[in-house]
Amino acid sequence: MKDITKNDLLQLARNDINIAELLFNNNIFSNAIYFYHQAVEKAVKYLGLRIGVYN
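Residues numbered from 1 in each chain as written. Predicted model: local features only at pLDDT ≥ 70, side-chain atom pairs only at ≥ 80, totals over all residues. Heavy atoms only, no water.

**Re the overall build of the protein chain**
- Looking only at helices and strands, the protein chain features 2 helices and 0 strands.
- Principal-axis analysis of the C-alpha atoms gives the protein chain an extent of 40 × 25 × 15 Å.
- The buried share of the protein chain, taken over its 55 residues, is 20%.
- When contacts within the protein chain are restricted to residue pairs at least 6 apart in sequence, long-range pairs at least 24 apart make up 41% of them.
- When the 6 positive and 5 negative side-chain charges of the protein chain are each reduced to one mean point, those points stand 7 Å apart. (Helix = DSSP H or I, 4+ residues; strand = E, 2+ residues; numbered from the N terminus. Buried < 20%, exposed > 50% of the residue type's maximum accessible area, 1.4 Å probe, protein only. Contact = heavy atoms within 4.5 Å. Lys, Arg positive; Asp, Glu negative; His and termini not counted. Charge placed at Lys NZ, Arg CZ, Asp CG, Glu CD.)

This is the structure in structure tokens:
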């Protein structure tokens, strides 16, 4: 399995947001919240890697 890069994390976060929006628009709120949360975690990790907080 390949290592996940910073850009991969950002794309995964975008994908999670897209999924969350689909779920939200279909009134599946608990799952939408889960995917929004996942997107935020990936975006924060991306930022941490970008500015050098994480290795």
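**Comments concerning helix α2 (residues 29-51)**
- Here α2 spans 33 Å end to end across 23 residues, near enough to the 33 Å set by a 1.5 Å rise per residue.
- For α2, the set of buried residues is A32, Q38, A39, Y46, G48 and L49.
- As for α2, its buried residues are in contact with α1 (6-25).
- A positive backbone phi angle near 90 degrees is found at G52, which sits one or two residues after α2. (Expected span 1.5 Å × (residues − 1).)

**A look at α1**
- Its 20 residues place the ends of α1 29 Å apart at the C-alpha level, agreeing with the 28 Å of an ideal helix rising 1.5 Å per residue.
- On its buried face, α1 is in contact with α2.
- At the C-terminal side of α1, N27 shows a positive phi close to 60 degrees.

**Comments concerning the packing of aromatic side chains**
- Across all of its chains, the model carries 2 aromatic pairs by this definition.
- Their ring planes at 65 degrees and their centres at 5.3 Å tell us that F24 and F29 sit as a pair that is edge-to-face.
- Assessed through its relative accessible area of 41%, F29 is described here as partly exposed.
- Their ring planes at 85 degrees and their centres at 5.3 Å tell us that Y34 and F35 sit as a pair that is edge-to-face.
- The partly exposed category is assigned to Y34, whose relative accessible area is 47%. (Phe/Tyr/Trp six-rings, centres within 6.5 Å; stacked < 30°, edge-to-face > 60°.)

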